[in-house]
Amino acid sequence: MASLLKQSVKLALVQLASTADKTHNLSHARTKVLEATKAGAKIVVLPECFNSPYGTKYFAQYAETLLPSPPTESQSPSYHALSNLAKEAGVYLIGGSIPELEEKTKKLFNTSLTFGPDGKLVASHRKVHLFDIDIPGKIRFKESEVLDPGNKVTIVDLPEYGKVAIAICYDIRFPELATIAARKGAFLLLYPGAFNLTTGALHWELLARARAVDNQVYVGLCSPARDMEADYNAWGHSLLVDPNAEVLQVLDEKEGVVIQEIVKGRIEEVRKGIPVVTQRRFDVYPDVSEGKVRYEE
């Protein structure tokens, strides 16, 4: 069996402390990404809404126009900062997410941009499942009050390493996205996400390990650092889980970076021991990855 991962690679998950100052956030992200690359990381991930505070009242204020691509620097300073940073660092950079304004429709999206080591955009993912929850006495949050959802599964092929799937935060609660990506050959599922103190304590690690054990692939979750002065308090605890659902590394709530090697052959080793990949009964139930799957907006 050929390895899904062509060569071992160091992954960095940057748990960034973001502020209300976008220029500072972009500069601070650069500092932390360059620190990670000096430690040998070749794939670097930033958190959800890394360039702005997270909250429905902030999306429009911080939104940038990304289409038609490439945008001008004034339309999207974050796009250009990420592009330049990926090139400067010589890494694949998954730029967490930023609020996006579609000029034509005036719709807002929660969008992740991925850039290659040459600074070119290689993938974009608009959050497919909007974070609408209401837990009495705990938290109410409705992204759909201001955001529109994306409409596709995002899998990007990194030629040196293999396929990586990218989704955002609440997307992790929907196993179909992960299952499709894994069946299409992804070795790594990445979720920039900002869970809160209620859902984080309950489900953050559980969901990461669940998606890993379901699909026997690596799973990385990248959160903002926690700021108790902010309107929204992120859980933190960015982590990387291996294909056997073992937590390889996890942070606390403060700013920090997970740097961890993803090992070639580990997926195949796990799948050989517990061979669910070859034991599925598609004569009994359907293969969701062979259904009507959208890969384009």
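Rules behind the numbers
Residues numbered from 1 in each chain as written. Predicted model: local features only at pLDDT ≥ 70, side-chain atom pairs only at ≥ 80, totals over all residues. Heavy atoms only, no water. UniProt positions renumbered as here; feature names shortened; annotations may be inferred. Helix = DSSP H or I, 4+ residues; strand = E, 2+ residues; numbered from the N terminus. Axes fitted to C-alpha atoms, helices over the stretch in contact; angles between N-to-C directions. Parallel < 35°, antiparallel > 145°, perpendicular 65-115°, else oblique. Left-handed = near helix turned anticlockwise from the far one by under 90°. Contact = heavy atoms within 4.5 Å. Nonpolar A, V, L, I, M, F, W, Y, C, P; charged D, E, K, R; others polar. Buried < 20%, exposed > 50% of the residue type's maximum accessible area, 1.4 Å probe, protein only. Pairing = 2+ DSSP bridges. Phe/Tyr/Trp six-rings, centres within 6.5 Å; stacked < 30°, edge-to-face > 60°. Patch = residues over 30% accessible without salt bridge, like charges linked within 9 Å, V, L, I, M, F, W, Y side chains within 5 Å. Areas by Shrake-Rupley, 256 points an atom, 1.4 Å probe, with all protein chains shown as cover. Salt bridge = Lys/Arg side-chain N within 4 Å of Asp/Glu carboxyl O. Expected span 1.5 Å × (residues − 1).

1. Quick word on the UniProt feature "domain: CN hydrolase" (unreviewed entry) in the protein
Working step 1: Sequence positions flagged by UniProt for "domain: CN hydrolase" (unreviewed entry) are, in local numbering, residues 9-264.
Working step 2: In residues 9-264, the share of helix is 25% and the share of strand is 30%. The end C-alpha atoms are 8 Å apart.

2. A short note on the packing of helix α4 (residues 175-183) against helix α5 (residues 197-215)
Working step 1: Between α4 and α5, the shortest axis-to-axis distance is 10 Å and the interhelical angle comes to 40°. When the axes of α4 and α5 are compared, the pair comes out oblique. In this structure, α4 meets α5 at a crossing whose hand is right-handed. Between α4 and α5, the residues in contact are Pro175, Ala178, Thr179 and Ala182 and Arg211, Asp214 and Asn215, respectively.
Working step 2: Class assignment of the residues belonging to the contact of α4 with α5 gives a composition of three nonpolar, two polar and two charged.

3. Digging into the pairing of strand β8 (residues 139-142)
A regular strand places its side chains on the two faces of the sheet in alternate fashion.
Working step 1: Only one face of β8 is buried, namely the one carrying Ile139 and Phe141, since none of Arg140 and Lys142 on the opposite face is buried.
Working step 2: Inspection of the sheet shows strand β7 (residues 132-135) paired to β8 by four bridges, in the antiparallel sense. Across the sheet, the residue bridging to Asp132 is Lys142, located in β8.
Working step 3: Connecting β7 to the next strand, β8, in antiparallel fashion are three residues, including Gly137 with a positive phi near 80°.

4. So, the packing of aromatic side chains
When we look at a pair of aromatic rings, we describe it by the centre distance and by the angle of the planes.
Working step 1: Across all of its chains, the model carries 12 aromatic pairs by this definition.
Working step 2: Geometrically, the ring pair formed by Phe141 and Tyr232 is edge-to-face, given 5.5 Å between the ring centres and 70° between the ring planes. In this pair, Phe141 sits in strand β8 while Tyr232 sits in the loop between β12 (218-222) and β13 (239-241), placing the two residues 91 residues apart along the sequence.
Working step 3: Taking the relative accessible area as the measure of exposure, Tyr232 reaches 11% and is therefore buried.
Working step 4: Among the aromatic residues, those joined into a ring-pair cluster are Tyr54, Phe59, Phe131, Phe141, Tyr170, Phe174 and Tyr232.

5. Brief notes about a nonpolar patch on the surface
Working step 1: A surface patch of nonpolar side chains, amounting to about 290 Å² of accessible area, comprises Phe282, Val284 and Tyr285.
Working step 2: Summarising the element assignment, Phe282 is placed in the segment after α7 (276-279).

6. Considerations on the sheet that holds strand β10 (residues 162-166)
Working step 1: A sheet is described by the order of its strands in space; here six strands give the open sequence β9-β10-β11-β12-β13-β14, paired in mixed fashion. Each end of this open sheet is capped by a strand with a single partner; those strands are β9 (155-158) and β14 (247-250). Pairwise comparison of adjacent strand axes, ignoring direction, gives a mean angle of 20° for this sheet.
Working step 2: With four bridges connecting them, β9 and β10 associate as antiparallel partners. Bridging from a neighbouring strand, Leu158 pairs with Gly162 of β10.
Working step 3: This element, α4, spans β9, β10 and β11 (186-192) of the sheet and lies at about 150° to β11.

7. Some thoughts on the environment of Phe141
Working step 1: By relative accessible area, which is 10% here, Phe141 ends up buried.
Working step 2: Remark: the alpha-carbon pair of Phe141 and Val250, spanning 109 residues in sequence, is separated by 26 Å.
Working step 3: Excluding residues that lie within four positions of it along the chain, Phe141 makes contacts with Tyr54, Gly55, Thr56, Phe131, Asp132, Ile133 and Tyr232.

8. Regarding helix α3 (residues 77-89)
Working step 1: Across its 13 residues, α3 extends 18 Å between first and last C-alpha, which sits within 8% of the 18 Å expected from 1.5 Å per residue.
Working step 2: Here α3 has its buried residues at Ser78, Tyr79, His80, Leu82, Ser83, Leu85, Ala86 and Ala89.
Working step 3: Looking at the buried residues of α3, the elements they touch are α1 (22-38), β3 (92-94), β4 (98-102), β5 (107-115) and β6 (121-126).

9. Some words on the environment of Glu73
Working step 1: Within the element layout of this structure, Glu73 appears in the loop between α2 (56-62) and α3.
Working step 2: For the pair Glu73 and Ala12, spaced 61 residues apart in sequence, the C-alpha separation works out to 27 Å.

10. Brief notes about the pairing of β9
Working step 1: Alternating residues of β9 divide into Val156 and Leu158, all buried, and Ile155 and Asp157, none buried.
Working step 2: Turn length for the β9-β10 hairpin, with the two strands adjacent in sequence and antiparallel, is three residues.

11. Points about the packing of α1 against α3
Each pair of packed helices gets described by two things: the angle between the helix axes and the distance between those axes.
Working step 1: α3 packs onto α1 with a crossing angle of 20° between their chain directions and a minimal axis gap of 10 Å. Viewed along their axes, α1 and α3 adopt a mutual orientation that is roughly parallel. As for how α1 packs across α3, the hand of that crossing is right-handed. Residues Lys22, Leu26, Ala29, Arg30, Val33, Leu34 and Thr37 of α1 form the contact with α3, whose participating residues are Pro77, Ser78, Ala81, Leu85, Glu88 and Ala89.

12. Quick word on the pattern of salt bridges
Working step 1: Summed over all chains, the structure comprises 18 salt bridges.
Working step 2: The shortest N-O distance in the salt bridge between Arg140 and Glu145 comes to 3.2 Å.
Working step 3: Classification of Glu145 by relative accessible area gives partly exposed; the value is 49%.
Working step 4: Each of Asp242, Glu246, Arg266 and Glu269 takes part in a single network of salt bridges with overlapping partners.

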